[in-house]
Amino acid sequence: ESFQLAPYYRFSNAENWFAEAHAEWHLNGFITNKIPLFRQMRWYAVAGCNLLYFNQDKNYSEAFVGIDNFGYNKFRMFRIDFVQSFDATQHLNSAIRIGLHFTGISVSLSDGGHDSEW
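The paragraphs below set out a description of the structure included in this document. (Residues numbered from 1 in each chain as written. Predicted model: local features only at pLDDT ≥ 70, side-chain atom pairs only at ≥ 80, totals over all residues. Heavy atoms only, no water.)

### Quick word on the packing of aromatic side chains
On inspection of all chains with the given rule, the structure shows four aromatic pairs. Ring geometry for F3 versus Y60: centroids 5.8 Å apart, planes at 65°, classification edge-to-face. Highlighted residues: F3 in the segment before β1 (19-26) and Y60 in strand β3 (residues 58-72), separated in sequence by 57 residues. Classification of F3 as buried rests on a relative accessible area of 11%. For Y60, a relative accessible area of 5% gives the class buried. The ring of F54 carries K58 above its face, with NZ or CZ at 5.3 Å from the centroid. (Phe/Tyr/Trp six-rings, centres within 6.5 Å; stacked < 30°, edge-to-face > 60°. Helix = DSSP H or I, 4+ residues; strand = E, 2+ residues; numbered from the N terminus. Buried < 20%, exposed > 50% of the residue type's maximum accessible area, 1.4 Å probe, protein only. Lys NZ or Arg CZ within 6 Å of the ring centre and 35° of its normal.)

### Here's the deal with the environment of N16
Structurally, N16 can be placed in the segment before β1. Given a relative accessible area of 80%, N16 falls into the exposed group. Spatially, the C-alpha atoms of N16 and F54 are 8.8 Å apart, while their sequence positions differ by 38 residues.

### With respect to the pairing of strand β2 (residues 44-55)
Of the strand pairs in this sheet, β1 and β2 are connected by eight bridges, and their pairing is antiparallel. Each bridged residue has a counterpart across the sheet, and for H26 the counterpart in β2 is V46. Direction of pairing for β2 relative to β3: antiparallel, over a ladder of eleven bridges. Bridging across to β3, Y53 finds its partner in N59. Hairpin connection from β2 to β3: two residues lie between these consecutive antiparallel strands. (Pairing = 2+ DSSP bridges.)

### Quick word on the pattern of salt bridges
Inspection of the entire model under this criterion finds two salt bridges. Measuring nitrogen to oxygen at the nearest pair gives 3.3 Å for the salt bridge that ties R79 to E24. Here the residue R79 occupies a position in strand β4 (residues 75-87), and E24 occupies one in strand β1, the gap between them amounting to 55 residues. Looking at E24, the relative accessible area reads 42%, which means it is partly exposed. The network of salt bridges with shared partners includes E24, R79 and D81. (Salt bridge = Lys/Arg side-chain N within 4 Å of Asp/Glu carboxyl O.)

### Focus: the environment of G99
Here G99 lies in strand β5 (residues 92-102). Residue classification places G99 among the buried positions, given a relative accessible area of 15%. Separated by 31 residues in sequence, G99 and D68 have C-alpha atoms that sit 9.1 Å apart.

### Brief notes about unusual backbone geometry
At N69, a residue that is not glycine, the phi angle is positive and equals roughly 65°. Along the polypeptide, N69 turns up in strand β3. On the basis of relative accessible area, N69 is assigned to the buried category, the value being 17%.

Here it is, written out as structure tokens:
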């Protein structure tokens, strides 16, 4: 639905067109049911990616994996994601995001990411 680590002002533009895509796959026990502790805790794996394309020199992408339904008993309101981002210059940014979800309300916290050049 949205980018998790994108530096929005860096990607503001006046291009004639751009493409944006968001995909998220909830595995709902497809992998975690094979691991006894995860099966008992009812934690579910999540994977996805977010893409933004302007032209060959200006693009941005993110890939993430995480655990949803994280918590214990009636307090299964957490989601933990590891997010890795890339852009056209191969700058990498990574972060661990912790999200809270209640009925109709969603809150997300991040460590702010760590920039590194390759």
